Amino acid sequence: HLRLANCSQVSDGASAMILASEEGLAKLSIAPADCTELVSYGHATSPLGQVEDLTRLDNAEAAVQEAYRGAGLKAGDMQVAEVHDCFSITELMMYEAAGFAPFGGAAALAKDGATRIDGRIPVNTGGGLMSFGHPVGATGVKQILEIHRQMKGQCGDYQLPSVPGVGLTINMGGDDRTTCVTIIRNIG
């Protein structure tokens, strides 16, 4: 059963992000070493209320696979991830959708410490939605910013032991009926 502590608090928020080419960075006098690169993305949508299996995030899985194909990467290549965790169980389901664990294996992955800050695939290093709040509309950009900050060594007390070179974000809405995934690479 889900209790209040298993649910993120929904809050207001806004965000913005600058996407620029190398030429655009030069015009803005921004060094590429200060940036991260959006390598690939995946997006999937499905009708509301038409979920075949409530134990799987099939839409998220489809978006993840599209992003992996676009980047020429796989789950084992990811060094950090930020996943949508509107409920505690959702984070575990995202591990499976991302391919970090087989179906039914997410709890064991977390229990083994693989998703901790010093684990094989650190997930939600800044605490995710459960600790940050869920600023609807700003969540996806916050996830990308978290990966960027880890890649640039800007996370202070919760900085990963080694700076990651590639990371994944998964953001969803409407009970996994709209999902957007990004793969980000550290440059510089």
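Whatever comes next refers back to the structure up there.
Keep in mind that this is a model prediction, so the values were computed, not measured. (Residues numbered from 1 in each chain as written. Predicted model: local features only at pLDDT ≥ 70, side-chain atom pairs only at ≥ 80, totals over all residues. Heavy atoms only, no water.)

Attention now goes to a nonpolar patch on the surface. Together, Met17, Leu19, Leu38 and Tyr41 make up a nonpolar patch on the protein surface, roughly 450 Å² of accessible area in all. Here Tyr41 falls in the exposed class, since its relative accessible area comes to 51%. (Patch = residues over 30% accessible without salt bridge, like charges linked within 9 Å, V, L, I, M, F, W, Y side chains within 5 Å. Areas by Shrake-Rupley, 256 points an atom, 1.4 Å probe, with all protein chains shown as cover. Salt bridge = Lys/Arg side-chain N within 4 Å of Asp/Glu carboxyl O. Buried < 20%, exposed > 50% of the residue type's maximum accessible area, 1.4 Å probe, protein only.)

So, on to helix 6 (residues 139-151). Every α-helix winds through 3.6 residues per turn, so residues three or four apart in the chain are directed the same way. The end-to-end C-alpha distance of helix 6, which contains 13 residues, comes to 19 Å, matching closely the 18 Å that a straight helix rising 1.5 Å per residue would cover. Taken together, the buried positions of helix 6 are Thr139, Lys142, Gln143, Ile144, Glu146, Ile147, His148, Gln150 and Met151. On its buried face, helix 6 is in contact with strand 2 (36-45), strand 3 (80-83), helix 5 (128-132), strand 4 (134-135), strand 5 (166-173) and strand 6 (178-186). After helix 6 finishes, the residue Gly153 shows a positive phi value of roughly 65 degrees. (Helix = DSSP H or I, 4+ residues; strand = E, 2+ residues; numbered from the N terminus. Expected span 1.5 Å × (residues − 1). Contact = heavy atoms within 4.5 Å.)

Let us look at the nonpolar core. Counting residues in each nonpolar core, the largest one holds 32 residues, and the members touching the most others are Tyr68, Met78, Phe100, Leu168, Ile170 and Ile183. For this core, the elements supplying multiple residues, two or more each, are helix 2 (58-71), strand 3, helix 3 (88-97), helix 4 (106-111), strand 5 and strand 6. Element by element, the count of residues in this core is highest for helix 2, at six residues. Beyond its immediate chain neighbours, meaning those up to four positions away, Leu168 contacts Tyr68, Met78, Val80, Ala81, Glu82, Ala98, Phe100, Ile147, Val181, Thr182 and Ile183. (Core = buried A, V, L, I, M, F, W, Y, C linked by side-chain atoms within 4.5 Å.)

Glancing now at the pattern of salt bridges. Considering all chains together, one arrives at eight salt bridges under this definition. Across the salt bridge formed by Arg116 and Asp118, the nearest N and O atoms sit 3.3 Å from each other. Pair check on accessibility: Arg116 and Asp118 agree, each one exposed. Salt-bridge contacts for Asp176 lead to Arg177; the nearest nitrogen and oxygen are separated by 3.7 Å. Summarising the burial analysis for this pair, Asp176 and Arg177 share the class buried. The network of salt bridges with common partners includes Asp58, Asp176 and Arg177.

Residues Val80 and Glu82 line one face of strand 3 and the alternating positions Ala81 and Val83 line the opposite face, and both faces are buried. Inspection of the sheet shows strand 3 paired to strand 5 by four bridges, in the parallel sense. In the sheet register, Val80 faces strand 5, and the bridge partner there is Gly167. (Pairing = 2+ DSSP bridges.)

Okay, the state of the cysteines next. Here is the idea: a disulfide is a covalent bond, and it sits between the sulfur atoms of two cysteines. In the structure shown here, the tally under the stated rule is zero disulfides. Cys35 takes part in no disulfide bond, and the closest cysteine sulfur to it belongs to Cys155, at a distance of 16 Å. The buried category is assigned to Cys35, whose relative accessible area is 14%. (Disulfide = S-S within 2.5 Å.)

Sheets are built from strands paired through backbone hydrogen bonds, the pairs being either parallel or antiparallel. Strand order in the open sheet formed by four strands is 2-6-5-3, and the pairing between neighbours is mixed. The open sheet terminates on both sides in strands that have one partner only, identified here as strand 2 and strand 3. In this sheet, adjacent strand axes meet at a mean angle of 15 degrees when their direction is disregarded. (Axes fitted to C-alpha atoms, helices over the stretch in contact; angles between N-to-C directions.)

By themselves, these figures tell us nothing about what the structure is for.
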